[in-house]
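# Remarks on the overall topology
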Amino acid sequence: MAVVVAAVLVGASAGPAGAAVAAPSLSYLKPGGQPRLVEKVPVNVVFVGYQPSQVAKSAFLGELAGGYEPVVRSRLWYGETEKLGITYKYDYKLTYANRNYEDKFFKQLGKLAKPAPLTAYQQAYNDQANNVLDITANTTIDAPSVEKWLAFNPPAGVDTRRNTVFFVNWYGRSDFRHHVYTKTGEADPDTGYDFGAERDSRKMIAWGGTTADDEETGLGATRRVWFHDLSAGPESWTANYDVDNADVDGDGVPDYRMPPSWEYTADGYRAPSALAGDLGKITRYVALNLLFTTSPLYPVELPAGNPPKTLDIDNNTYEGWPGVDASTEYITPKLLVDELSELRWRNRLSHDFQDLPYDARAEECYLGVLTEQSCYPDSGLPAIGNLYLYNTENLDRALDDQGRVDYEIPLFNYAVGEGVPVPALGFADDDYTDGTQSYVFSFISPEIVEAGYGLTTTQIHEVGHHLGMSHPHDGYDSASGVDYGGSGEFYYANVGDENNSMMSYIDVNWDFSQFDRDNSDRFLTAAYWEAANRLAATVPAGKGRTALKAADLLLGGASKAFAAHDYRAAYALAEKSYDTVRSIPGVDRAGVAATLKAEADQARSSSKVHEPHEFIDTLAPNSPRSQP
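Residue numbers run consecutively from 1 along every chain, following the written order of its sequence. In keeping with the model being predicted, local features are shown solely for residues with a pLDDT of at least 70 and side-chain atom pairs are shown and tallied solely at 80 or more, while totals for entire chains, interfaces and linings include all residues. Hydrogens and water are ignored here; the side-chain numbers use all heavy atoms of the structure.

## Notes on the state of the cysteines
Where we set the bar: We call a pair of cysteine sulfur atoms a disulfide whenever their separation is within 2.5 Å. Working definition: helices are DSSP H or I runs of at least four residues, strands are E runs of at least two. Numbering for both runs from the N terminus. The rule is simple: take the accessible area with a 1.4 Å probe, protein chains only, and divide by the maximum for that residue type; under 20% is buried, over 50% is exposed, in between is partly exposed.
On inspection of all chains with the given rule, the structure shows one disulfide. Each sulfur of the disulfide joining C365 and C375 lies 2.2 Å from the other. With the S-S dihedral at roughly 110°, the linkage between C365 and C375 falls on the right-handed side. Placement of the pair is C365 in helix 11 (residues 360-371) and C375 in the loop between helix 11 and helix 12 (386-393), with a sequence separation of ten residues. C375 carries the same exposure label as C365, and that label is buried.

## Topic: the sheet that holds strand 7 (residues 179-182)
Cut-off, in case you're wondering: Two strands form a pair only when DSSP identifies at least two bridges running between them. Axis definition: a line fitted to C-alpha atoms, limited for helices to the stretch in contact. Angles are taken between N-to-C directions and run from 0 to 180 degrees. Here, residues are in contact when the closest pair of their heavy atoms is within 4.5 Å.
Taking strand neighbours across the sheet as the criterion, the three strands line up as 4-5-7 in an open arrangement whose pairing is mixed. Of all strands in the sheet, those with a lone pairing partner are strand 4 (114-116) and strand 7, marking the two edges. Averaged over neighbouring strand pairs, the angle between their axes works out to 40° when direction is ignored. Strand direction decides the pairing type here: strand 5 (residues 138-142) and strand 7, joined by four bridges, are parallel. Bridge pairing in strand 7 places T139 opposite H179. Seen against the sheet, helix 6 (residues 143-152) touches strand 5 and strand 7 and runs at an angle of roughly 60° to strand 5.

## A look at the sheet that holds strand 1 (residues 37-48)
One open sheet holds the six strands; their spatial order is 2-3-1-6-9-8, and the pairing between them is mixed. Two strands in the sheet have a free side with no partner beyond their single neighbour: strand 2 (67-68) and strand 8 (206-208). In this structure, strand 2 lies alongside strand 3 (residues 86-96), joined through two bridges in antiparallel fashion. Bridging from a neighbouring strand, Y68 pairs with Y88 of strand 3. Where helix 6 meets the sheet, its contacts fall on strand 6 (164-168), strand 8 and strand 9 (225-229), and the angle it forms with strand 9 comes to roughly 120°. Sheet contacts for helix 17 (residues 545-563): strand 1 and strand 3; angle to strand 1, the most-contacted strand, approximately 10°.

## Here's the deal with the pattern of salt bridges
For clarity, the threshold we go by: A side-chain nitrogen of Lys or Arg and a carboxyl oxygen of Asp or Glu constitute a salt bridge if their distance falls within 4 Å.
One pass over the structure, following the stated rule, counts 23 salt bridges. For D474, the salt bridge is made with R73, and the minimal N-O distance between the two is 2.9 Å. Taken together, the residues span a long stretch of sequence, with D474 in the loop between helix 15 (456-466) and strand 15 (475-477) and R73 in helix 3 (residues 73-76) at a distance of 401 residues. Taking the relative accessible area as the measure of exposure, D474 reaches 4% and is therefore buried. When its relative accessible area of 1% is taken as the criterion, R73 is described as buried.

Any functional reading would require information beyond the geometric quantities listed.
Below, the structure is given as structure tokens:
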């Protein structure tokens, strides 16, 4: 690509001295417009232990969408559908594994299976009135080992470098053993608590998304695999152990769940004819919408006049826990920076922290969140907005790196003593005006530590939201225009948490998945392309011809790399295009920044206040994270 760019620069001509310079003909750069990124996304679906007679191709494909257009989900809270300029067109390839492959795979599962007591949720299944069978013995299987085997031993013709779902069913074979999948050995860095080892609720039926360079279980080469096994469990996360009750979360709405594979029978929880459609739903509403090709929660370009190159994690702690210095005891700065740097690999990240006074006013606003009392009653915001308003009022004492970095990520931590409730583990707030991200809030108390959490992992997760990442259990379906989470008709979407993503609630790893990295790079490709378009609209007439042509060529390279699934290259080329336009003399960078601010101010005066939802990462007693 560098050679081609050089040829354009050498070959460009400004024309005779004094002559007017015609506007260059541009193929990709569209001054003032949106990006035009299109990817034909290969989607491999491999059925292992399911026969075509069980999962008919037509019924399965009938649940799927032909494509997807990501949007900024936070804008939806304010009635705005902001597309990124990305169009995905799905290219499905279905493979039914033959008997030879199944024998090899299930032999491998048998080798990995280790005898274990029944989980609390398998016992709860046995205690149901309508269960088809009783589980009398159990085994545990290391999930990362299964992912690695599938990644490097796929059926012939399946390229696991591309998005691949393995649907597994061991039940019905003579060598079947009841089992659950585990991921252990990655304890919370601040408390040493290993959720994967200690809690039955973290025994899983699905896993995948591990990167090549994951420090604990890296694959060694880039693969994009997620497997889902209905013959495992039953388990807590999707509540598929409960075959008696329609409404498992008690909200008055029936919850759609996929039961264990043996429950797809005439006398079971689900008719056999429903199996193909159920696996299709998991493919569309979990694998595609929540893992492979997601929508960002917040704008990835961040609330800055220009896309920032340097980011500072500005960590501020209100020390209200008597006798405890929470900022030193429960924050591991190196892990925080390292993990976020793997997601935003083209940004240079730094970190600093300070303690803030937990004085009477700070405490009043904090406690008001818990008692639903606004400490700014004239603002019109709900009580949850107390923390946003208080920290906005005192922002100058927190953010202290202006001019040294392009953007400071504002983190505010509240450490409180025994018996003082917390509103959540954390949340990445917006600005209560137009869905732009604002501050990251995290909470720590003796009870939080007792539950196994420090501050570091909450901060990685919440900053992940601030940088645009959604949960793998809630997202957007562009074909229907529905934004959904793991409840009601989409309860089964909770299984998306069972992947190697920091954005999950399952707490068995602290890394961003390969899917997270892919999506972040795609989003940033679009963001830099749009930023280049925006700046190009301010280039003075007759100026910058050579640079505009070079920027156009770079975007052409980004478009081709994107289409070829090389997201890192696409991101780098789009950023280079933006830098090229930005370097043109006379380009109005300040004017663009002022326009963006004016648009935000306009939204601020006209938008309705939202009620918080997806970004609240709760530890409520009935939440999945709180289960034993």
